[in-house]
Amino acid sequence: MTASIPKLVARLLAGCMGLALAASAAAQAPEKLKVRLDWTPWGVHAAFHLAQQKGWFKAAGLDVEMEDGNGSVTTVQIVGGGEQFDVGHAALASMMIARDKGLPVKAVAVFARLSDVGLLVPQGAGIKGPQDLKGKKVAYTAGSLEAPFIDAFLAAGGLKKSDIELINVDAAGKAATYAAGRTDAAFSTIPFFLPVVSQTRPSEGIRFADYKLNMPSFGLFAPESKLATRREAISKFASVVGAAWQYVYDGHEDEAVDAIVAQRPQAKLDKKVLRGQIDALRGFFQLPPPAGQPLGAPVAADWATAVKTLTDAGLLKTIKDGNDFFVPGMVRAVAPAGATATK
């Protein structure tokens with residue numbers, strides 16, 4: 001009987017160790033976070049897919065599930081109006097307009113600090129600004145974010161809508177219409193469309209932001225209810241994405257392209273277009289970020305400017321304080337594992 005005691009002790013110790021390991025694993029289990037993106041895969045998602053591919057979210061204790069979207073406005077409405085998602089990624093002017101109308105959402109990170117909206121023009125066409133559009137045929141989409149700012153943009157060049165021929169084109173067909181040469185220019189989001197149309201019609205972008213029509217563009221937002229209950233997880237997520245963007249623009253653009261393709265193989269994406277979109281976005285990020293701030297941290301002055309821009313366009317009615325649209329301190333300086341790798 002005494003000979004069996006060591007075996008019994010061993011079994012008890014093994015059982016205790018198993019329970020301890022199980023408890024430890026449970027305590028360290030990644031926290032689930034569900035994210036709704038703005039659109040189907042494109043260059044603006046580079047940091048998300050790179051962080052997922054390299055395990056940076058997992059290293060931060062997060063289990064992130066990302067769902068593609070079908071427009072910033074829809075993403076804002078879905079994330080802000082329900083409990084299904086914890087965080088949304090969108091053009092943040094849409095979030096500001098929704099909050100002004102009563103939707104309880106706030107920004108937590110801003111990656112593209114300049115508005116992505118502007119004018120696409122063919123290279124060598126001699127169109128350098130709104131003053132050069134007189135008599136030109138220009139595509140736009142009624143009901144899109146660019147539409148309310150066309151009057152102000154044209155006025156900066158001394159023109160009115162009657163001085164140009166505006167062609168209302170469905171958003172899905174606008175790039176093809178312009179690329180085929182059926183219009184002289186097109187109002188749209190520059191970093192998304194520029195690399196696409198330039199494959200058949202080499203083009204350049206004229207930013208609305210350069211004509212005092214600026215507002216924060218792509219970034220992260222969350223419902224106030226989620227910020228109250230999941231603030232730390234959301235902060236970790238925003239911080240990792242900010243650090244991932246810094247890594248991308250430190251010379252790892254192609255690595256980011258590969259990550260998007262690997263994470264969304266069913267989309268059959270064009271690597272050249274993805275790289276072009278990432279390169280085009282860089283100018284909207286306003287790098288480097290303000291001294292002492294990690295990439296992605298909201299800048300209060302940007303939001304004050306945005307309030308004026310959106311109010312003047314009749315898109316904001318009630319909120320006049322830019323600070324009411326974002327939560328400070330959510331983006332922290334982090335260094336994801338492997339982010340110091342050589343180029």
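A few points on the structure. Position numbers for residues count from 1 along each chain, tracking the sequence in the order it is written. Confidence filtering applies because this is a predicted model: local features only for residues at pLDDT of at least 70, side-chain atom pairs given and counted only at 80 or more, and all residues used for totals across whole chains, interfaces and linings. Values reported for side chains reflect all heavy atoms of the structure, with hydrogen atoms and water molecules removed beforehand.

### Here's the deal with the overall build of the protein chain
- The helix and strand labels rest on DSSP assignments: H or I over at least four residues marks a helix, E over at least two residues marks a strand, and numbering proceeds from the N terminus. Scanning the protein chain from N- to C-terminus turns up 13 helices and 10 strands.
- Across its three principal axes, the protein chain shows a C-alpha extent of roughly 105 × 45 × 35 Å.
- Where the 37 positive side-chain charges of the protein chain centre and where its 32 negative ones centre are 3 Å apart. When charges are counted, Lys and Arg contribute as positive and Asp and Glu as negative, whereas His and the chain ends are disregarded. Charge positions are represented by NZ for Lys, CZ for Arg, CG for Asp and CD for Glu.

### A few points about empty space enclosed by the protein
- Buried and open spaces are told apart on a 1 Å grid over the protein atoms alone, a cavity being a set of points where a 1.4 Å probe fits but cannot get out and a pocket being an open set with protein on both sides within 12 Å along at least five of seven lines. Residues with an atom within 4 Å of a point are the lining residues. Grid points are joined across faces, edges and corners, and a volume is the space filled by probe spheres set on the points. In this structure the tally under the stated criterion is 2 cavities of 30 Å³ or more.
- The wall of the largest cavity is formed by V110, F111, R113, F285, P289, P290, P294, L295, G296 and A297.
- Gly is put with the polar residues, along with every residue not named as nonpolar or charged; the nonpolar set is Ala, Val, Leu, Ile, Met, Phe, Trp, Tyr, Cys and Pro, and the charged set is Asp, Glu, Lys and Arg. Here the lining of the largest cavity is built from residues that sort into 8 nonpolar, 1 polar and 1 charged.
- As for the second largest cavity, its lining consists of L120, K174, A175, Y178, A186, S188, F193 and V197.
- For the lining of the second largest cavity, the leading source of residues is helix 7 (residues 171-179), giving 3 residues.
- Here the lining of the second largest cavity is composed, by residue class, of 6 nonpolar, 1 polar and 1 charged.

### Observations regarding the sheet that holds strand 10 (residues 218-223)
- The pairing criterion for strands is at least two bridges between them, as found by DSSP. Here we have 5 strands laid out as an open sheet, ordered 2-1-3-10-4, and mixed in their pairing. Edge positions in the open sheet fall to strand 2 (62-67) and strand 4 (105-110), since each of these has one partner strand only. Across the sheet, the axes of successive neighbouring strands diverge by a mean angle of 30 degrees, strand direction being ignored.
- Contacts between residues were defined by any pair of non-hydrogen atoms, one from each residue, lying within 4.5 Å. Think of each axis as a best-fit line through the C-alpha atoms, taken over the contacting stretch in the case of a helix, with angles from 0 to 180 degrees between the N-to-C directions. On the sheet, helix 10 (residues 231-248) packs against strand 1 (31-36), strand 2, strand 3 (87-91), strand 4 and strand 10 and is oriented at approximately 60 degrees with respect to strand 1.

### Brief notes about the environment of T74
- By the secondary structure assignment, T74 is in helix 4 (residues 72-81).
- Burial classes follow relative accessibility: with a 1.4 Å probe on protein chains only, a residue under 20% of its type's maximum area counts as buried, one over 50% as exposed, and anything between as partly exposed. For T74, a relative accessible area of 26% corresponds to the partly exposed category.
- A sequence separation of 38 residues divides T74 from R36, and the C-alpha atoms of the two residues are 10.0 Å apart.

### Section: the packing of helix 5 (residues 92-100) against helix 13 (residues 300-312)
- For the pair helix 5 and helix 13, interaxial distance at closest approach is 11 Å and the crossing angle is 70 degrees. The orientation of helix 5 relative to helix 13 falls into the category roughly perpendicular. In this structure, helix 5 crosses over helix 13, and the sense of that crossing is right-handed. Where helix 5 approaches helix 13, its residues L92, A93, M95, M96 and I97 are matched on the opposing element by W303, A306, V307 and L310.
- Looking at the contact of helix 5 with helix 13 residue by residue, the class counts come to 9 nonpolar, no polar and no charged. Each angle receives one of four descriptions, namely roughly parallel if under 35 degrees, roughly antiparallel if over 145, roughly perpendicular if within 65 to 115, and oblique otherwise. Should the near helix be turned anticlockwise from the far one by less than a right angle, the crossing is termed left-handed; should it be turned clockwise, right-handed.

### Digging into the pairing of strand 4
- Of all 6 residues in strand 4, 6 are buried, a share of seventy percent or more.
- In the sheet, strand 4 pairs with strand 10 via 5 bridges, with the strands oriented antiparallel. Each bridged residue has a counterpart across the sheet, and for V110 the counterpart in strand 10 is G219.

### Some words on the pairing of strand 8 (residues 185-189)
- Taking burial as the measure, the 5 residues of strand 8 include 5 buried ones, the bulk of the element.
- Pairing of strand 5 (residues 117-122) with strand 8, which is carried by 4 bridges, proceeds in the antiparallel orientation. When the sheet's bridge partners are listed, L119 is paired in strand 8 with F187.
- The sheet contact formed by strand 6 (residues 137-140) and strand 8 spans 2 bridges and is parallel. Considered in strand 8, the bridge of V138 is made with A185.

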